[in-house]
Amino acid sequence: MKTSVFSQISIDGKLTLGPGQSSKPLFSLFDGRDMEYIHKFRGKVDGIMVGKNTITTDNPFLTNRYEENKNPVRIIPTRTMDIPMDSNVLTDEGQTLIVTTENGKDERKIDQLRERGKECLICGQDKVDFGQMFNLLEEKYGINSLMVEGGGFLNWHVFNQDLVDEIILMQLPIIIGGASNITLVDGEGYTELDFAKKFKVVEVEPKDNYTLLRYLKAV
């Protein structure tokens, strides 16, 4: 499965204007063509994955608004299933897959999700097992291409387990700062260069409102 981390960031790598804030204010700096690029990329992939925090702060639909019938499967990993049941991804007609753990599963919520035509997948005992999840997404659901629009902690998990093939960044020409703010990748991080994940630059293209940066996993 080809996995692409796709994100909108500031020059200093921030995803929002502060901890707990939505990323939506940054999108106001894009024009219609920029938004079309994001949505049409969604139309090219089989699945799109975001974390629970993105659902609770942004409440996105995660659909392709520019092309009919080209919406990816929405995939939401959550250790404890504490996702609001009135979230857009759980109340519309689109396909949504909640991935949780043995310790965190909630049978009542699972039944509610199934009544709405949504699905639930159990991967891992206490923490979501991303390796197992990716295998099942490909084998059981036929997802061969995945777009990850996650926050720093979700991105950390997929990078840390060597699951990322490509990075696509829409880098806005702004500085946000903030030591506690969310960055492209948070988590534990690496303290030795040998463990850092290595990518090669394959595209740098200045646009009117951002710079498009694309990286491929170094072989």
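Since the structure is predicted, the reported quantities are computational estimates derived from the model, not experimental observations.

### Observations regarding the nonpolar core
Inference 1: Among the nonpolar cores identified, the biggest contains 27 residues, and Met49, Ile75, Val99, Phe130, Met133, Phe134 and Val158 are the most heavily contacted of them.
Inference 2: Looking at this core, the elements that each hand over two or more residues are β1 (2-9), β3 (73-77), β4 (96-100), α6 (130-139), β6 (145-148), α7 (152-160) and β7 (166-171).
Inference 3: It is α6 that contributes the most residues to this core, four residues altogether.

### Some words on the environment of Phe61
Inference 1: Structurally, Phe61 is set in the loop between α3 (52-58) and β3.
Inference 2: By relative accessible area, Phe61 is classed as partly exposed at 35%.
Inference 3: A sequence separation of 27 residues divides Phe61 from Asn88, and the C-alpha atoms of the two residues are 5.6 Å apart.
Inference 4: If near-sequence neighbours (up to four positions away) are discounted, Phe61 is found in contact with Arg74, Asn88, Val89 and Asp92.

### Focus: α6
Inference 1: Taken together, the buried positions of α6 are occupied by Phe130, Met133, Phe134 and Leu137. Summarising the axial view, the buried residues of α6 lie within an arc of 100 degrees, below the 170-degree limit, and thus occupy one face.
Inference 2: The elements touched by buried residues of α6 are β1, β2 (47-49), β3, β4, β6 and α7.

### Some thoughts on the UniProt feature "domain: Bacterial bifunctional deaminase-reductase C-terminal" (unreviewed entry) in the protein
Inference 1: When the UniProt feature table is mapped to this numbering, "domain: Bacterial bifunctional deaminase-reductase C-terminal" (unreviewed entry) covers residues 5-205.
Inference 2: A helix fraction of 27% and a strand fraction of 19% characterise residues 5-205, whose end C-alpha atoms lie 18 Å from each other.

### A word on the sheet that holds β1
Inference 1: The strand order across the open sheet built from nine strands is β5-β4-β3-β2-β6-β1-β7-β9-β8, with neighbouring strands paired in mixed fashion. Looking at the sheet topology across the chains shown, the edges are occupied by β5 (119-122) and β8 (199-206). The average undirected angle you get between the axes of adjacent strands in this sheet is 20 degrees.
Inference 2: Both β7 and strand β9 (residues 211-217) contribute to a ladder of six bridges, which runs antiparallel. The residue of β9 that forms the bridge with Glu166 is Leu216.

### Some words on the state of the cysteines
Throughout this description, disulfide means a covalent bond between two cysteine sulfur atoms.
Inference 1: Inspection of the entire model under this criterion finds zero disulfides.
Inference 2: No disulfide involves Cys120; its sulfur sits 9.3 Å from that of Cys123, the nearest cysteine.

### Thoughts on the side chain of Glu149
Inference 1: Structurally, the position occupied by Glu149 is in the loop between β6 and α7.
Inference 2: A distance of 3.1 Å separates polar atoms of two side chains, one belonging to Glu149 and the other to Arg42.
Inference 3: Beyond its immediate sequence surroundings of up to four residues, Glu149 is in contact with Phe6, Gln8, Ile38, Arg42, Ile48, Met49, Val50, Thr54 and Leu62.

### Examining helix α5 (residues 107-115)
Inference 1: Among the residues making up α5, those that are buried are Lys109, Ile110 and Leu113. Down the axis of α5, the smallest arc covering the buried residues is 105 degrees, so these residues share one side. In α5, the exposed positions that point more than 90 degrees away from the buried face belong to Arg108, Arg114 and Glu115.
Inference 2: As for α5, its buried residues are in contact with α4 (88-91), β4 and β5.
Inference 3: With a side-chain oxygen lying 3.0 Å from the backbone nitrogen of Arg108, the N-terminal cap of α5 falls on Asp106.
Inference 4: Looking one or two residues beyond α5, the residue adopting positive phi is Gly117, at roughly 85 degrees.

Rules used throughout
- Residues numbered from 1 in each chain as written.
- Predicted model: local features only at pLDDT ≥ 70, side-chain atom pairs only at ≥ 80, totals over all residues.
- Heavy atoms only, no water.
- Core = buried A, V, L, I, M, F, W, Y, C linked by side-chain atoms within 4.5 Å.
- Buried < 20%, exposed > 50% of the residue type's maximum accessible area, 1.4 Å probe, protein only.
- Helix = DSSP H or I, 4+ residues; strand = E, 2+ residues; numbered from the N terminus.
- Contact = heavy atoms within 4.5 Å.
- Arc of directions from axis to C-beta.
- UniProt positions renumbered as here; feature names shortened; annotations may be inferred.
- Pairing = 2+ DSSP bridges.
- Axes fitted to C-alpha atoms, helices over the stretch in contact; angles between N-to-C directions.
- Disulfide = S-S within 2.5 Å.
- Polar contact = N/O pair within 3.5 Å; in protein donor to acceptor, adjacent residues only side chain to side chain.

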